[in-house]
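Descriptive structure summary
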Amino acid sequence: MSLSLFHPAFKPKPFWWEAFEPTPLERADVPAKTRVAIIGAGYAGLACALELSKHQIEAVVLDAEMPGFGASSRNGGMVSGGVSIGKRYSGKNTSEELLALYADAADSFTLIENLIVEEKIECEWKRTGRFAGAWCRQHYDAMQKKVELLNEGADAGAYLLPRERQREEIGSDYYYGGMVVMRSAHLHPALYFKGLLEAVKRRGVTICAKAPVRSLSQSNGHWTIDTTRGNLDASEIVVCTNGYTGAVTPELQRRVIPVGSYIIATEELPSEIAESLIPKDKSIYDTRRVLTYYRMSGDRKRLIFGGRAKFGQYTPEETAPLLYKFMCDRFPQLKGCRITHAWTGNVAFTFDEMPHMGKLDGLHYALGCNGSGVAMMTYLGTMNALKIAGVGNYHCAFDREEFPTNPLYHGNPWFIPLVGRYFRVRDWLDRHLS
Ligand SMILES: Cc1cc2nc3c(=O)[nH]c(=O)nc-3n(C[C@H](O)[C@H](O)[C@H](O)COP(=O)(O)OP(=O)(O)OC[C@H]3O[C@@H](n4cnc5c(N)ncnc54)[C@H](O)[C@@H]3O)c2cc1C
């Protein structure tokens, strides 16, 4: 491993934490009683609390760590309205169900955009769109169907960009063309989280940091939530633990697969290079199975480059060199620049590759972002609150009876490294033989 790629001021933590780092707040005591207990203080948990407060429903949010310590202050900040929904389904048919899912995903984009305005959240929101780079010719050809679905179901403003025109969007010839989706944005994920946190605090919701839930029990229709800082009684529980879901909720743990995702941030780049990498400031991801995703920082001085560098749980220092290589494969002009930050966080995959909300064993849940949850987990948290409040008769398409698991899976994703190997082989074959 070359040490020279690390800047002398390198930090193994999110670049975003330079602007806002999760802190333990005032360490509020765990109260004895509430109407709704929310487990997990990320986007989903806070959005749920915010919406409940609008309906005068008392809620307490509990987090094992500091609020925002999970994926919600660590992600890439790329916001889509359905681009990643139903990766497995897209291109297969235009069933009513699929279009309903796209419509809800599109609504998640509207919701987050409105929320940022209503709560006056300063989070570098930029509605600049997204470019999906085709890893091989076959992937480019398959994008036509996806463009149609996105436009029909999510009014996404999507179109194909052939290889000879891709330099309009990216200073690289790495891809076989791609798809532009105009109804997409990027933001500063930790500042968005901070804004959400302030909105919830303004409404007087109790947020208990460093209060891991150890067990749940139910009697006479009431829940007792045992935390390391005392017991809380509640009528309803909403589980918003996503990629950090543990043994406290074993049936939910069996339905989500935690997977590490990794990001690096470059040092500030010379302006002529920085401006030419992604000229229209879009977010970029590719169709490779060993996915990469990247964008410029809000001030357009650095590249923020993420991906599934390794399959399993590794340190940021271990994964940074591989991400750096992926970055230079796409942008050879970046060879020699140094990394100032590298970090990791968990996303939650599901067996059907779809996000889910619903009720299992009496517990409400919003889980399974599948790597794309800035808008979606905000949305599912909100939809859970509306369901508890009994407002309106709208049925969210992600609120489904079916939340699949596998009889052999109990929460230990031992098979992830094998999946990684399979993905690498398939990627190689796709790129070289298609
Ligand atoms: C590196 C990375 C890059 C990503 N990039 C993007 C992107 O560009 N665009 C996008 O849309 N999405 C992205 N995502 C996904 C997105 O960040 C997540 O979908 C979203 O933040 C999930 O929010 P959440 O509230 O559901 O969960 P989280 O923010 O993960 O919060 C879960 C919380 O539950 C708490 N918890 C767990 N167990 C307990 C317990 N027993 N008691 C109390 N608390 C508990 C944890 O401490 C944690 O704070 C990325 C994720 C990662 C990790």
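Remember, it's a predicted structure, so these values are computed and weren't measured experimentally.

**Looking at the site of the ligand**
Taken together, 34 residues lie around the ligand, and Asp63, Ala64, Ser72, Met78 and Gly373 are the ones closest in. Within the contact set of the ligand, an oxygen atom lies 2.5 Å away from a side-chain nitrogen or oxygen of serine 72. Coverage of the ligand by the protein amounts to 95% of the 1000 Å² it exposes when considered alone. Every element with two or more residues in the shell around the ligand is listed here: α1 (43-54), β13 (256-266), β17 (339-350) and α8 (374-389). Looking at which element gives the most residues to the shell around the ligand, the answer is β17, with three residues.

**Considering the environment of tryptophan 135**
Take tryptophan 135: it is sitting in the loop between β5 (130-133) and α3 (137-154). Relative accessible area serves as the criterion here: at 7%, tryptophan 135 is assigned to the buried category. The spatial distance from the C-alpha of tryptophan 135 to the C-alpha of isoleucine 273 is 24 Å, given a sequence separation of 138 residues. Ignoring any residue separated from it by four or fewer positions in sequence, one finds tryptophan 135 in contact with Tyr174, Tyr175, Tyr176, Thr287, Arg288, Arg330, Asp427, Asp430 and Arg431.

**Description of the sheet that holds strand β15 (residues 292-296)**
Each strand in a sheet pairs with its neighbour through backbone hydrogen bonds, running either in the same direction (parallel) or in the opposite one (antiparallel). The strand order across the open sheet formed by nine strands is β1-β17-β13-β16-β15-β14-β5-β7-β6, and the pairing between neighbours is mixed. Two strands close off the open sheet at either side, each with one partner strand: β1 (6-11) and β6 (158-161). Direction aside, neighbouring strands of the sheet carry axes that sit 25° apart on average. Along the sheet face, helix α7 (residues 316-330) touches β1, β13, β14 (283-286), β15, β16 (303-307) and β17 and points at about 65° away from the line of β13.

**Observations concerning the pairing of β5**
The side-chain alternation of β5 yields two buried faces, one formed by Arg130 and Ala132 and the other by Phe131 and Gly133. Sheet topology note: the β5/strand β7 (residues 178-181) ladder contains four bridges and is antiparallel. Looking at β7, one finds that phenylalanine 131 is bridged to valine 180. Bridge analysis of β5 against β14 gives four bridges, and the strand direction is parallel. Of the residues in β14, the one forming a bridge with alanine 132 is tyrosine 285.

**Digging into the nonpolar core**
Core analysis: the largest hydrophobic core is formed by 125 residues, its most contacted members being Ile38, Tyr192 and Leu303. Examining the composition of this core, we find that 10 residues originate from one element, helix α2 (residues 96-118), more than from any other. Dropping the residues within four chain positions of it, isoleucine 38 is found in contact with Gly45, Cys48, Ala49, Leu52, Ala59, Val60, Val61, Leu62, Val238 and Cys240.

**Thoughts on the confidence of the model for the chain**
Of the residues in the chain, 96% reach a pLDDT of 70 or more, and the chain-wide mean stands at 93. In this model residues 89-93 is a low-confidence stretch, pLDDT under 50, and it forms 11 contacts with partners more than four residues away in sequence or in other chains.

**Considering the packing of α2 against α3**
Look at α2 against α3: their axes get within 8 Å of each other, and the N-to-C directions meet at 65°. Accordingly, the angle class assigned to the pair α2 and α3 is roughly perpendicular. Relative to α3, α2 is oriented so that their crossing is right-handed. Packed against α2, whose contacting residues are Leu98, Leu99, Tyr102, Ala103 and Ala106, the element α3 presents Lys146, Leu149, Leu150, Glu152, Gly153 and Ala154 at the interface.

**Quick word on α2**
In this model α2 runs 32 Å from its N-terminal to its C-terminal C-alpha over 23 residues, within 8% of the 33 Å that 1.5 Å per residue would give. By the burial criterion, the buried members of α2 are Leu98, Leu99, Leu101, Tyr102, Asp104, Ala105, Ala106, Ser108, Phe109, Ile112, Leu115 and Ile116. Each element contacted by the buried residues of α2 is listed here: α1, β4 (78-80), α3, β8 (184-186), α4 (189-202) and α8. Two residues or fewer past α2, lysine 120 is found with a positive phi of approximately 50°.

**Section: the pattern of salt bridges**
Applying the stated criterion across every chain yields a total of 25 salt bridges. A salt bridge links arginine 300 to aspartate 281; the nearest nitrogen and oxygen atoms lie 3.7 Å apart. Of this pair, arginine 300 sits in the loop between β15 and β16 while aspartate 281 sits in the loop between α6 (271-277) and β14, placing them 19 residues apart in sequence. Looking at aspartate 281, the relative accessible area reads 5%, which means it is buried. Arginine 330 serves as the salt-bridge partner of aspartate 286, at 3.1 Å between the closest nitrogen and oxygen.

**Digging into α7**
The terminal C-alpha atoms of α7 lie 21 Å apart, and with 15 residues this matches the ideal 21 Å at 1.5 Å per residue to within 8%. Those residues of α7 that fall on the buried side of the exposure criterion are Pro316, Thr319, Ala320, Leu323, Tyr324, Phe326, Met327, Cys328 and Arg330. Those residues of α7 that are buried lie in contact with β1, β13, β14, β15, β16 and β17.

**Details of the pairing of strand β3 (residues 59-62)**
A two-sided burial pattern is seen for β3, the buried positions comprising Ala59 and Val61 on one face and Val60 and Leu62 on the other. Here four bridges tie strand β2 (residues 33-39) to β3, and the two strands are oriented parallel to one another. If you follow alanine 37 over to β3, its bridge partner there is valine 60. For the crossover that starts at β2, traverses α1 and ends in the parallel β3, the hand is right-handed.

**A look at the packing of aromatic side chains**
Counted according to the given criterion, the structure contains 17 aromatic pairs. Plain terms: the ring middles of phenylalanine 6 and phenylalanine 10 are 4.5 Å apart, the flat faces sit at 65° to each other, and that makes the pair edge-to-face. The pair phenylalanine 6 / phenylalanine 10 is uniform in exposure class, with both members buried. Ring centres of tyrosine 294 and phenylalanine 331 lie 5.7 Å apart, and the angle between their planes is 85°; on these two criteria the pair is classed as edge-to-face. Of this pair, tyrosine 294 sits in strand β15 while phenylalanine 331 sits in the loop between α7 and β17, placing them 37 residues apart in sequence. Both residues of the pair, tyrosine 294 and phenylalanine 331, count as buried. The cationic tip of arginine 163 hangs over the ring face of tyrosine 176; the distance from NZ or CZ to the ring centre is 4.1 Å. Against the face of tyrosine 174 rests arginine 431, its NZ or CZ located 4.4 Å from the ring centre.

Scoring rules and cut-offs
Residues numbered from 1 in each chain as written. Predicted model: local features only at pLDDT ≥ 70, side-chain atom pairs only at ≥ 80, totals over all residues. Heavy atoms only, no water. Near = heavy atom within 4 Å. Polar contact = N/O pair within 3.5 Å; in protein donor to acceptor, adjacent residues only side chain to side chain. Areas by Shrake-Rupley, 256 points an atom, 1.4 Å probe, with all protein chains shown as cover. Helix = DSSP H or I, 4+ residues; strand = E, 2+ residues; numbered from the N terminus. Buried < 20%, exposed > 50% of the residue type's maximum accessible area, 1.4 Å probe, protein only. Contact = heavy atoms within 4.5 Å. Pairing = 2+ DSSP bridges. Axes fitted to C-alpha atoms, helices over the stretch in contact; angles between N-to-C directions. Core = buried A, V, L, I, M, F, W, Y, C linked by side-chain atoms within 4.5 Å. pLDDT = per-residue confidence, 0-100. Parallel < 35°, antiparallel > 145°, perpendicular 65-115°, else oblique. Left-handed = near helix turned anticlockwise from the far one by under 90°. Expected span 1.5 Å × (residues − 1). Salt bridge = Lys/Arg side-chain N within 4 Å of Asp/Glu carboxyl O. Right-handed = clockwise from strand over helix to strand, strands pointing away. Phe/Tyr/Trp six-rings, centres within 6.5 Å; stacked < 30°, edge-to-face > 60°. Lys NZ or Arg CZ within 6 Å of the ring centre and 35° of its normal.

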